[in-house]
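This is what each chain is made of:
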Amino acid sequence: MAMKDPDIVDGGANEYLIRRHLLTIVVSFLLVLTLNLAAYLSIVGMHKGYGSIRNAADGLSSKMINANLLFREIRADASGKDLNAVWEVFDSARRDLDTVSNFDPSSQIIPRVEAYKTAILEIVSSANNPVVDKEKLETAYEARYSELSDSVKQLSASAEAYAEKYVRGSRIAFILLMVLIAASFLSIFLMSRNFIRRMSFSNCLLEDELDRSRTLVNSVDKALVCVDSSLAVSRCNRFAEKLLLFELGSILGKNFIEISPSFKRLSLDFIKVVQLRKELIIEKEKINLGGVERTINIKLLPLEKTSEILVMIDDVTGSEFMVDEAMHEEKISSFKTLIRGLVKNFSGILSELIDAINIMELTEKSGKHGDGTLRHNIRLVEQLTEKAYSTIQRLNEFSLDRTCRLHPVDLRELLVKLLERCNNIFDDDVELSVSLPESPIFISADKDLLELAIYKICENAAHATTVMRQPNEKWGGMIELGMDKIFTDRNYRQIHPLAVESSYWILSISDNGVGMDLPVLRKIFDPFFTTEKNAAGIGLSIAFEIIRSHRGFIETYSQKGQGSRFLIFLPDSI
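The sections below set out a description of the structure shown in this document. These numbers were taken from a predicted model, which means no experiment stands behind them. (Residues numbered from 1 in each chain as written. Predicted model: local features only at pLDDT ≥ 70, side-chain atom pairs only at ≥ 80, totals over all residues. Heavy atoms only, no water.)

For the structure shown, the criterion picks out 7 aromatic pairs. Judged by centre distance (5.7 Å) and plane angle (70°), the rings of Y504 and F553 are edge-to-face. On the criterion of sequence distance, the pair formed by Y504 in strand β10 (residues 503-511) and F553 in strand β11 (residues 553-559) is long-range, its members being 49 residues apart. The buried category is assigned to Y504, whose relative accessible area is 1%. Ring geometry for F553 and F569: centres 4.3 Å apart, planes at 10°, overall stacked. Taken as a pair, F553 in strand β11 and F569 in strand β12 (residues 563-571) lie far apart in primary sequence, 16 residues in all. The residues F553 and F569 share a single accessibility class, namely buried. One aromatic cluster in this structure is built from Y504, F553 and F569. Positioned over the ring face of Y455 is R421, at 4.1 Å from the centre of the ring. (Phe/Tyr/Trp six-rings, centres within 6.5 Å; stacked < 30°, edge-to-face > 60°. Helix = DSSP H or I, 4+ residues; strand = E, 2+ residues; numbered from the N terminus. Buried < 20%, exposed > 50% of the residue type's maximum accessible area, 1.4 Å probe, protein only. Lys NZ or Arg CZ within 6 Å of the ring centre and 35° of its normal.)

Have a look at this one:
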């Protein structure tokens, strides 16, 4: 906003006005100072007494709150301290109690402090006594603490009454002061008018600055939420609405820890910050938002000159995911090196074994062993050799880093043919349900490799509904396949770190099989990891590598005993 200061026109005139206004202010100040000196003698005595008793009241209030919190933490085993720490708090309040006693000998605060200490001792001494009515002791404890708090408040009220007594004597002086101010008002008015004009100009600049500040706060990739002393939400930035999946209007005035069940376990941390007014940082906290597990860092910052707390939430799921991805890459690379060595050694052994079998077969045909036993053994060895060779070929495919030969592929047609193959291979008790668009879906892909990857995931789903079930569970289940298309905007990419700014086709493969818990779910793409008997544990690893070579990625969701869902993201580009 381009604006011109209305008073910056004539430098000389402005200087004269400033001097005149300054002279008026100086004269008024001297008169006010003289009158204030007259009132000082009557006020200084009040301040001395009022200040000491007010400080004592504030000190007692703080120390009693501290003693109450410390005792509760000791009882909840949330602190490494013992009851001596509580007595130390009471001892530190002795000076304040003496001040109160000198100010008001009839005050009930000292007896109520002793009653509160007695209530603490009764609770501690009855901890292992089953006969004592603990609920009654708890009620008595709360009553003593409430009475003590009321006494502290009454003490503050007494201090106010003490101050009021002295204020009455100085009211005449202040009335004269108001008369003096009224007399000088006309002279100050002209300066005030100029000041108001300048302030109007400054306010315009301030509004611009506030707009820029709001824009800056809303552009920060951190959730910022302000809560009051009762943890009710007062305001937040836009990123908080997107990360925590709510709109400000829907949770304004509601308790922050009730936004998500994951926040409820942090309630004690919030209460500590509210009462102690000390900054607290909570790192790598796992929370569930919209069914997705997120890793966040939380900073609770008490705001100055207000009772509000600023909750700063930094979503670090992406950075943690990248670390896990790098570790997975390292594992894959190491396993591929190992597999190459195994393939080389086993291939040589199998070649020699096949040559030996051929010689044995020629010997059998020559008629030297006519009983057929040798031929039977040869066939058995051949079958086992072919099975071993097939396994080696699968390992070899995984280790050779085969480059994808990308061509336009109709994903819909590929899925239709693959489902026909699955229907012929899978158990009859496995039901396949498919929901595909009517029109073709063209993407850039290596048709054979992509078909292999999708088949491995479908095969895993089929096994989860059959061979992986317990003997007492119902055999078979449902596998559902569906397609959807999305565009990954900035907010979506923050929740899905592997996504880039692009359109994706999402192939969803869901089953109602045995499901997986979180520790298993985190390892399913590691080579040779399997929970299935007589399985190599490389099928999902191969699928993961193939999808990644297509510039896509896989996300998994599962719950033990409920089933699993695999989402395959493939870029929509040719």
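This part takes up the environment of L301. Checked against the element boundaries, L301 lands in strand β4 (residues 292-302). Residues L301 and M312, 11 residues apart in the sequence, show an inter-C-alpha distance of 7.9 Å. For L301, the contacting residues outside a window of four places in its chain are E279, E308, I309 and L310. (Contact = heavy atoms within 4.5 Å.)

The next point concerns empty space enclosed by the protein. Summed over all chains, the structure comprises 2 cavities of 30 Å³ or more. Counted as a void, the largest cavity has a volume near 60 Å³. Around the largest cavity sit F239, K242, L243, R294, D315, N491, Q494 and I495, which together line it. Of all the elements in the fold, those that place two or more residues in the lining of the largest cavity are α6 (238-244) and α13 (490-495). (1 Å grid on protein atoms, 1.4 Å probe; cavity = no way out; pocket = protein on both sides within 12 Å on 5 of 7 lines; lining within 4 Å. Points joined across faces, edges and corners; volume = space filled by probe spheres on them.)

This paragraph deals with the sheet that holds β10. On the basis of which strands lie adjacent, the open sheet formed by 5 strands has the order β7-β9-β10-β12-β11 and mixed pairing. Across the chains shown, the open sheet's two edge strands, defined by having one partner strand only, are β7 (430-435) and β11. Taking the axes of each pair of neighbouring strands and ignoring which way they run, one obtains an average angle of 15° across the sheet. Of the strand pairs in this sheet, β10 and β12 are connected by 8 bridges, and their pairing is antiparallel. Within the sheet, the bridge partner assigned to S510 lies in β12 and is R565. Against the sheet, helix α12 (residues 447-464) contacts β7, β9 (477-487), β10, β11 and β12, and its axis sits at roughly 25° relative to β10. (Pairing = 2+ DSSP bridges. Axes fitted to C-alpha atoms, helices over the stretch in contact; angles between N-to-C directions.)

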